[in-house]
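# A closer look at the structure
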Amino acid sequence: MLTVGDKIPSFKVKATVSLEKGKEFQEITNETYKGKWLVLFAWPKDFTFICPTEIAEFGKKNKDFNDRDAQVLGLSTDSEFVHHAWRTHHPDLKGLPFPMLADLKHELCNALGILHKEEGVALRATFIADPEGIIRHVTVNDLSVGRNVSETVRTLDALQTDELCPCNWSKGEETLTQKLAKAG
């Protein structure tokens, strides 16, 4: 699995970006959002139980990510057509403001190293990459445990300070770097 310090791999995939007729699909590459922070999160399968709770929460927090110059990208090994059908039929997913990447060939999931060994589906992985595409944060949950999207926002905030941030630090609080500067 790729880790902190590695570069997000090159990719080119189809994505579901809208439910508007004629504008449903778009090709997304690792260069599409060049110069922005990326929050790439993967889920195992569409039309399941835990996945829509996470995806909907990323959608609800999308403005928080945008305010931090970060682009959210969702990812699974389902096709763009399955993503579209799911968004069409699941009330919490209809207005998603970010692309749902379709890694049908498993190329991106393999490159990231996040395919479940027995199930062959994406693990619940979250990557935060800086504007140069360098991975600065990675988490992976078991298939049965959803992630905390607020913690992803908090981690992005901490990374963007480029300072020492203590446990449970939140945006607006003093960093350790600031405390040390005052003490010294």
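Up top you'll find the structure we're talking about.
Source: prediction; values computed, not measured. (Residues numbered from 1 in each chain as written. Predicted model: local features only at pLDDT ≥ 70, side-chain atom pairs only at ≥ 80, totals over all residues. Heavy atoms only, no water.)

## Some words on the nonpolar core
Filter applied, for reference: Here, the term nonpolar core denotes a set of buried Ala, Val, Leu, Ile, Met, Phe, Trp, Tyr and Cys residues that are joined through side-chain atoms within 4.5 Å. For each residue, the accessible area found with a 1.4 Å probe, counting protein chains only, is set against the maximum for its type, and the residue is called buried under 20%, exposed over 50%, and partly exposed in between. We count a stretch as a helix when DSSP gives it H or I for four or more residues in a row; a strand needs E for two or more, and each element gets its number in order from the N terminus. Whether two residues are in contact is decided by their heavy atoms, any of which lying within 4.5 Å being enough.
Among the nonpolar cores identified, the biggest contains 24 residues, and Phe 11, Leu 73, Leu 75, Leu 101, Leu 112, Ile 114 and Phe 127 are the most heavily contacted of them. Contributing elements (two or more residues each) for this core: strand S1 (12–16), strand S3 (37–42), strand S4 (70–76), helix H4 (107–112), strand S6 (124–129) and strand S7 (135–141). When sequence neighbours within four positions are dropped, the list of residues in contact with Leu 75 reads Leu 40, Phe 41, Ala 42, Trp 43, Leu 101, Asp 103, Leu 108, Cys 109, Leu 112 and Ile 114. Ranked by size, the runner-up nonpolar core spans 21 residues in total, among them Trp 43, Cys 51, Ile 55 and Val 72.

## Examining a nonpolar patch on the surface
Stated precisely, the cut-off is as follows: Patch definition: residues with relative accessible area over 30% and no salt bridge; like charges joined within 9 Å; nonpolar side chains (Val, Leu, Ile, Met, Phe, Trp, Tyr) joined within 5 Å. The Shrake-Rupley method, run with a 1.4 Å probe sphere, supplies the accessible areas, and residue values consider only the shown protein chains as cover. Should a side-chain nitrogen of Lys or Arg be within 4 Å of a carboxyl oxygen of Asp or Glu, the pair is scored as a salt bridge.
On the surface, a nonpolar cluster with roughly 280 Å² of combined accessible area is contributed by Leu 164, Leu 176 and Leu 180. With respect to the helices and strands, the residue Leu 176 is situated in helix H6 (residues 176–183).

## Considerations on the packing of aromatic side chains
Two measures describe an aromatic ring pair: the distance that separates the ring centres and the angle between the ring planes. Keep this limit in mind: Only rings of Phe, Tyr and Trp enter the pairing, Trp through its six-membered ring, and a pair is recorded when the two centres are within 6.5 Å. The plane angle decides the type: under 30 degrees is stacked, over 60 is edge-to-face, the rest tilted.
Under the criterion given, the structure shown has six aromatic pairs. Judged by centre distance (5.9 Å) and plane angle (20°), the ring pair of Phe 58 and Phe 65 falls under stacked. Like Phe 65, Phe 58 is buried. A connected cluster of aromatic rings, assembled from ring pairs, spans Phe 41, Trp 43, Phe 58, Phe 65 and Phe 98.

## Structural notes on the sheet that holds strand S2 (residues 25–29)
As a reminder of what qualifies: Pairing between two strands requires that DSSP report at least two bridges joining them. Axis geometry follows a simple rule: fit a line to the C-alpha atoms, using only the stretch in contact for helices, then measure angles between N-to-C directions, giving values from 0 to 180 degrees.
The strand order across the open sheet formed by seven strands is S2-S1-S5-S4-S3-S6-S7, and the pairing between neighbours is mixed. At either end of the open sheet lies a strand with only one pairing partner, and these are S2 and S7. Going across the sheet, the axis of each strand differs from the next one's by a mean of 25°, ignoring polarity. Two strands pair when backbone bridges link them, and S3 and S6 are joined in this way by four bridges, in the antiparallel orientation. When the sheet's bridge partners are listed, Phe 41 is paired in S6 with Thr 126. Running over the sheet, helix H1 (residues 51–60) touches S3, S4 and S6 and is turned about 165° from S3. Along the sheet, helix H5 (residues 149–161) makes contact with S3, S4, S6 and S7, crossing S6 at roughly 25°.

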